[in-house]
Amino acid sequence: MVRRMSLAEVLNTHRVVVCVGAGGVGKTTTAAALAVHAAMNGRRVLCLTIDPARRLANSLGLSEMSGEEQDVSAELFAEHGLPLGGQLSAMMLDTKRTFDELITRYASSDEARDRILDNKIYNYVSTSLAGTGEYMAMEKLHDVRERDEWDLIVLDTPPTSNALDFLDAPSKMVGLVDSPAMRWFIDAFASSGKLSLNLVGKSAALVLKGLARFTGAGMLDSIAEFVTGFNELFGGFRERAEKVASALKKDDVAFVIVSSPSPLSVDEAIFFNERLDSSGMAADAFVINGVHELLSEPPLRSDALIEAVAAVLPAGLDPKKTTRRMRRALDDSRTLAVADRIQADRMKIAVGSAVCVEVPAFEEDVHDLPALARVAAYLTDTAPSPDGAKPT
Ligand SMILES: Nc1ncnc2c1ncn2[C@@H]1O[C@H](COP(=O)(O)OP(=O)(O)OP(=O)(O)O)[C@@H](O)[C@H]1O
Ligand SMILES: [Mg+2]
């Protein structure tokens, strides 16, 4: 039988680990916990994260995370009695800033750069267009990977509703700049060399004038300026997007698919794995995060239970009613745990021999370094046995 690798080995044998999954399943938490684990175990790690809520910054003792990397202090590890054999830096992905850097790199002159950076449409594309965040996460990864300060880069991915968006981001970005609509605009405007509606071809002018009734001519000028400005960057930009996409296929990149134990999330994780597989980037590990633990049945039968509850209940509370409520809460929790078990097992069967680990649902959010280390212990199968310290 083939021995399953552990997630710790996946970390040890790759330079880049990408955490993907549906929204809210625990990607940021998993990425940070993996980074903490690797840093504790001697590697120089960069955690490249997307966490607008800045929760992660707080757990790593950083007051604010900027687009620059910041070192997580060794004292913070020491304070919590956690050994730090390596080094941990964290960087918050700033989509707009990354896009701006890209424009700056490929613009032919300062004027060309400023024309784009100051453009209204560019502002929208670089901040709000679906897929830009995903693409810029990869772009930044490509950038930091070329530097040699880090042995390991753990990449968190944006809160997309569909994890597949991430994979499609570079081709969509190329598609956007190379779309027939863009080409049409470019042809219509570029021949004149000036951004004026009067100078474009007759049919184009008609369409544009029609459009202008809805959008205002200023808007069209902005579009024209953006499209022609972008066209100038296009060669460099497309080449870059292709490089960024192919860099994900290298052997030193591992994919970790994170899922919650909800049926939809498990479906999506399985589907995403098939998609990765068919693109030549098989997932290296799966994480089922937030699995509810099955609490045991109370050892006492009904009457004895009510008596036991009455003995510890503050005066004024009805033991019978309270016991009934507690019973119902326990039943709900057990139902949830059984449902989670079914989904977690379904996922394990579906992923075959790949690494698949479970992280329990903790009673509190994961908001400090010890909690991240605790998640890491589950991820890497080094958590204490259930009779030792259990998740609270
Ligand atoms: N095992 C767990 N037990 C309890 N709380 C958890 C667990 N894992 C994550 N959380 C909490 O759930 C919330 C969402 O987690 P996280 O931010 O990691 O998800 P995400 O997949 O990155 O979300 P998004 O898609 O919005 O980026 C956080 O508040 C985190 O602390
Ligand atoms: Mg997140």
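In what follows, the accompanying structure is described. (Residues numbered from 1 in each chain as written. Chains lettered and ligands numbered in written order. Predicted model: local features only at pLDDT ≥ 70, side-chain atom pairs only at ≥ 80, totals over all residues.)

**Observations concerning the overall build of the protein**
Inclusion rule: Helix and strand labels come from DSSP, where a helix needs a run of H or I of at least four residues and a strand needs a run of E of at least two; each type is numbered from the N terminus. To sort residues by exposure, count the other C-beta atoms lying within 10 Å of each residue's C-beta; 20 or more gives buried, 12 or fewer gives exposed, and values between give partly exposed, all with C-beta atoms placed from the backbone. Contact criterion: two residues are in contact if their C-beta atoms, reconstructed from the backbone, are within 7 Å.
When helices and strands are tallied, the protein shows 16 helices and eight strands. Counting across all 392 residues of the protein, residues that qualify as buried make up 36%. Here the contacts in the protein between residues at least 6 apart in sequence split such that 76% fall between residues at least 24 apart.

**Quick notes on the sheet that holds strand 3 (residues 70–71)**
Going by this rule: Think of it this way: DSSP has to see at least two bridges between two strands before they count as a pair. For helices, the fitted line uses only the C-alpha atoms of the stretch in contact; every axis is such a line through C-alpha atoms, and the angle between N-to-C directions lies from 0 to 180 degrees.
One open sheet accounts for eight strands, arranged 3-4-2-5-1-6-7-8; its pairing is mixed. Looking at the sheet topology across the chains shown, the edges are occupied by strand 3 and strand 8 (355–360). Here strand 2 (residues 44–49) runs beside strand 4 (residues 87–92); their pairing, made up of six bridges, is parallel. By the bridge assignment for strand 4, Thr 49 is matched with Met 92. The strands touched by helix 15 (residues 319–351) are strand 6 (253–259), strand 7 (285–291) and strand 8; relative to strand 7, the strand with the most contacts, the crossing angle is about 180°.

**Notes on helix 13 (residues 263–278)**
Rules: What a helix is expected to span follows from its residue count: subtract one and scale by 1.5 Å. When we speak of the arc, we mean the arc of directions from the helix axis to the C-beta atoms.
An ideal rise of 1.5 Å per residue puts 22 Å on 16 residues; helix 13 measures up with 23 Å between its terminal C-alpha atoms. Along helix 13, the residues classified as buried are Ser 265, Val 266, Glu 268, Ala 269, Phe 272, Asn 273 and Leu 276. An end-on view of helix 13 places all buried positions within 160° of arc, on one side of the element. Turned more than 90 degrees from where helix 13 packs its buried face, Pro 263, Leu 264, Glu 274, Asp 277 and Ser 278 sit exposed. Positive backbone phi, at 75°, marks Gly 280, one or two positions downstream of helix 13.

**A few points about the nonpolar core**
The following threshold applies: Put simply, a nonpolar core is a cluster of buried Ala, Val, Leu, Ile, Met, Phe, Trp, Tyr and Cys residues tied together by C-beta atoms within 7 Å.
Ala 35 and Val 154 are the most contacted members of the largest nonpolar core, which totals 87 residues. The dominant element in this core, judged by the number of residues it contributes, is helix 12 (residues 217–247), at ten residues.

**Topic: the pairing of strand 6**
Applied cut-off: Crossover handedness is defined by viewing with both strands directed away from the observer: a clockwise path from the first strand over the helix to the second marks the crossover as right-handed.
Burial of strand 6 is extensive: six of the seven residues sit out of reach of the surface. Two elements, strand 1 (residues 16–20) and strand 6, share five bridges in a ladder whose sense is parallel. Bridge pairing in strand 6 places Val 17 opposite Ala 254. Tracing the backbone out of strand 6, into helix 13 and back to the parallel element strand 7 gives a crossover that is right-handed.

**As for the pairing of strand 7**
Counting buried positions along strand 7 yields six of seven residues, so the element is predominantly enclosed. Relative to strand 8, strand 7 is paired through six bridges, and the arrangement is parallel. Note on strand 8: the bridge partner recorded for Ala 285 is Val 355.

**A closer look at the site of ligand 1**
The condition is simple: By definition, a residue lies near a molecule or strand when the C-beta atom built from its backbone is within 6 Å of it. Each residue is assigned to one class: nonpolar for Ala, Val, Leu, Ile, Met, Phe, Trp, Tyr, Cys and Pro, charged for Asp, Glu, Lys and Arg, and polar for all the others, Gly among them.
Taken together, the neighbourhood of ligand 1 is formed by 18 residues, with Lys 27, Thr 28, Thr 29, Pro 159 and Asp 365 sitting nearest. Elements supplying a minimum of two residues to the shell around ligand 1: helix 2 (27–40) and strand 7. Ranked by residue count, the leading element in the shell around ligand 1 is helix 2, at three residues. Grouping the amino acids of the shell around ligand 1 by side-chain chemistry returns six nonpolar, nine polar and three charged.

**Section: the environment of Val 266**
Mapped onto the elements, Val 266 comes out in helix 13. Of the residues examined, Val 266 has 21 C-beta atoms within 10 Å and is grouped as buried. Among all residues touching Val 266, those that are not within four sequence positions of it are Ser 259, Pro 261, Gln 343, Arg 346 and Met 347.

**With respect to the packing of helix 13 against helix 15**
Formally: The scheme is simple: roughly parallel for angles under 35 degrees, roughly antiparallel for over 145, roughly perpendicular for 65 to 115, oblique for anything else.
Two numbers describe how helix 13 lies on helix 15: the axes approach to 10 Å, and their chain directions differ by 10°. Relative to helix 15, helix 13 is oriented roughly parallel. When helix 13 is examined against helix 15, the residues Pro 263, Val 266, Ala 269, Ile 270 and Asn 273 are found in contact with a partner set consisting of Gln 343, Arg 346, Met 347, Ala 350 and Val 351. In the contact of helix 13 with helix 15, the residues fall into seven nonpolar, two polar and one charged.

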